[in-house]
Amino acid sequence: MTAILEVLTAPAFVAILVEVGKGLVILFGMVIVAALLIWIERRLLGLWQDRYGPNRVGPFGSLQVVADMIKIFFKEDWIPPFVDKPTFIIAPMIAMGTLMLAFMIIPITPTWGVAPDLSIGVLFFFAIAGLEVYAVMLGGWSSNSKYSLLGGLRSAAQMVSYEVFMGLALMGVVMQTGSFALSDIVAAQKDVWFIVPQFFGFCTFALASIAVVHRHPFDLPEAEQELAAGYHTEYSGMKFGMFMVAEYVGVVLVSALLVTLFFGGWQGPWLPPIAWFGLKTSIFVIIFILLRAALPRPRYDQVMGAGWKFCLPLAVINMLVTGAVVLSNP
């Protein structure tokens, strides 16, 4: 008994418990924020389109998310008889699990973060983004439906196209920092945010981020006018809910990454670090919603062409110029 108490009170064990507690707080906080985004997006879309958003359940419709969750919890979780059942079930789990795992590398404040000092932080994000596409592909293929399969194929092609220059867009930031760790990238922006020297890298990475999380106007894998609901046409109940929440988790994730990589992360005057991080991330989340309200969906060939003919050359030029500047100023 004494030995067990010594282990439980050992500084190393207490430190592990503290880090696990931080991770759980970040995890549940992120899921709650992603769920609230459903209500926030609908209210903002209503405001910008001069109409009412949710306004019946709770003050200003604030409990609409709770009502939707109750509906999904009690809705029949039907699995069509013609699907590949194991793959059909695991696909939404991959969608939500991979994006939630990516939050471990983001430094929320100087002391809050699961693994912000991970030496391969940027590469870890690319690995997670590559795994996330499997959820859409598997969901579309296992549904044994033409609309779902087309949505999965579109997602795969879109991911291949935009992940190529997504990595190149961040190489300028990595070269200027000399590290893949996101905590080092935030520290390197003490004097000037990377949005200034890496403006073209920011533009290409922002476009690629929208495509990776399938947000409008790059939501072609689930284009309602063309593919019913795309890759999740056959999903219902909690499985559909996991795909839906995963989309909002992706929005929060890429917004937090844009803030961390190009806008100084938690740095800022007067306010505490958590306030600056939350404020900057919220601005990008609102921009994501505004894009949905303001822009039409382009044709599929236009989306692919923009990636290969415009964004890829711009990312390569940005990387070469940054490399030349870094070499000329040792």
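Before reading on, note that the structure itself is shown above.
The paragraphs below set out a description of the structure included in this document. Just so it is clear, the model here is predicted, and its values are computed rather than measured.

Rules behind the numbers
- The residue numbering used here restarts from 1 in each chain and proceeds along that chain's sequence as written.
- A pLDDT threshold of at least 70 governs which residues receive local features in this predicted model, and a stricter bar of 80 or more applies before side-chain atom pairs are shown or counted, although totals over entire chains, interfaces and linings include all residues.
- Processing note: side-chain calculations cover all non-hydrogen atoms of the structure and skip hydrogens and water entirely.
- In this description, a nonpolar core means a group of buried Ala, Val, Leu, Ile, Met, Phe, Trp, Tyr and Cys residues linked to one another through side-chain atoms lying within 4.5 Å.
- Throughout, exposure labels follow a simple rule: accessible area from a 1.4 Å probe, protein chains only, divided by the maximum for the residue type, with under 20% read as buried, over 50% as exposed, and the rest as partly exposed.
- Throughout, a contact is declared for two residues whenever any of their heavy atoms are within 4.5 Å.
- The criterion for an aromatic pair is that two Phe, Tyr or Trp rings (for Trp, the six-membered ring) have centres within 6.5 Å, with stacked assigned to planes under 30 degrees apart, edge-to-face to planes over 60 apart and tilted to the rest.
- Secondary structure elements follow DSSP: runs of H or I no shorter than four residues count as helices, runs of E no shorter than two count as strands, and numbering proceeds from the N terminus.
- Helix span is expected to be 1.5 Å times the residue number reduced by one.
- What qualifies as a polar contact is a pair of N or O atoms within 3.5 Å, subject to a donor-acceptor requirement within protein and to the restriction that residues adjacent in sequence count only when both atoms come from side chains.
- Only residues whose relative accessible area exceeds 30% and that form no salt bridge enter a patch; like-charged residues are grouped when within 9 Å of one another, and nonpolar side chains (Val, Leu, Ile, Met, Phe, Trp, Tyr) when within 5 Å.
- All accessibility values rest on the Shrake-Rupley procedure with a 1.4 Å probe; residue burial counts only the protein chains present in the view.
- Criterion for a salt bridge: a side-chain nitrogen of Lys or Arg within 4 Å of a carboxyl oxygen of Asp or Glu.

## So, the nonpolar core
Alright, step 1. Grouped together as the largest cluster of nonpolar side chains are 77 residues, with contacts concentrated most on I106, F125, F205, L253 and F262.
Alright, step 2. Those residues in contact with F262, other than ones at most four positions away along the chain, are L170, V173, Q189, W193, F194, I195, Q198, G201, F202 and F205.

## Brief notes about the packing of aromatic side chains
Alright, step 1. According to the stated counting rule, one finds 9 aromatic pairs in the structure shown.
Alright, step 2. Ring centres 6.3 Å apart and planes at 55 degrees place the aromatic pair F125 and F205 in the tilted group. With F125 in helix 5 (residues 121-142) and F205 in helix 8 (residues 199-212), this pair connects stretches of sequence that are 80 residues apart.
Alright, step 3. Residue classification places F205 among the buried residues on the basis of a relative accessible area of 0%.
Alright, step 4. When the centroid spacing of 6.2 Å and the interplanar angle of 65 degrees are considered together, the rings of F202 and F284 count as edge-to-face. Residue F202 is located in helix 8, and its partner F284 is located in helix 11 (residues 273-294); the two are separated by 82 residues in the primary sequence.
Alright, step 5. Here F202 falls in the buried class, since its relative accessible area comes to 13%.

## Remarks on helix 8
Alright, step 1. Taking 1.5 Å per residue as the helical rise, helix 8 with its 14 residues ought to reach 20 Å, and the 20 Å between its terminal C-alpha atoms agrees with that figure.
Alright, step 2. For helix 8, the elements touching its buried residues are helix 5, helix 6 (146-177), helix 10 (237-262), helix 11 and helix 12 (300-328).
Alright, step 3. Among the residues trailing helix 8, H214 stands out with phi positive, at a value near 60 degrees.

## Section: the side chain of Q198
Alright, step 1. Within the secondary structure, Q198 sits in the loop between helix 7 (182-187) and helix 8.
Alright, step 2. One polar contact links Q198 to T322, side chain to side chain, over a distance of 2.9 Å.
Alright, step 3. Setting aside chain neighbours within four positions, we find Q198 in contact with A169, G172, V173, Q176, F262, N318 and T322.

## Describing unusual backbone geometry
Alright, step 1. Backbone geometry places W270, a non-glycine residue, at a positive phi of 70 degrees.
Alright, step 2. Mapped onto the elements of the fold, W270 is located in the loop between helix 10 and helix 11.
Alright, step 3. Classification of W270 by relative accessible area gives exposed; the value is 83%.

## Points about the environment of V173
Alright, step 1. Tracing the chain through its elements places V173 in helix 6.
Alright, step 2. Classification of V173 as buried rests on a relative accessible area of 1%.
Alright, step 3. Between the C-alpha atoms of V173 and I16, which are 157 residues apart in sequence, the distance is 31 Å.
Alright, step 4. Apart from the residues within four sequence positions on either side, V173 is in contact with I185, F194, Q198, L261 and F262.

## Regarding a nonpolar patch on the surface
Alright, step 1. A surface patch of nonpolar side chains, about 760 Å² in accessible area, is lined by V57, L63, V66, M69, I70, F73, F74 and M238.
Alright, step 2. Top contributing element to the nonpolar patch by residue count: helix 3 (residues 64-74), with 5 residues.
Alright, step 3. Among the secondary structure elements, F74 is positioned in helix 3.
Alright, step 4. Taking the relative accessible area as the measure of exposure, F74 reaches 71% and is therefore exposed.

All quantities given are derived from atomic positions and should not be read as evidence of function.
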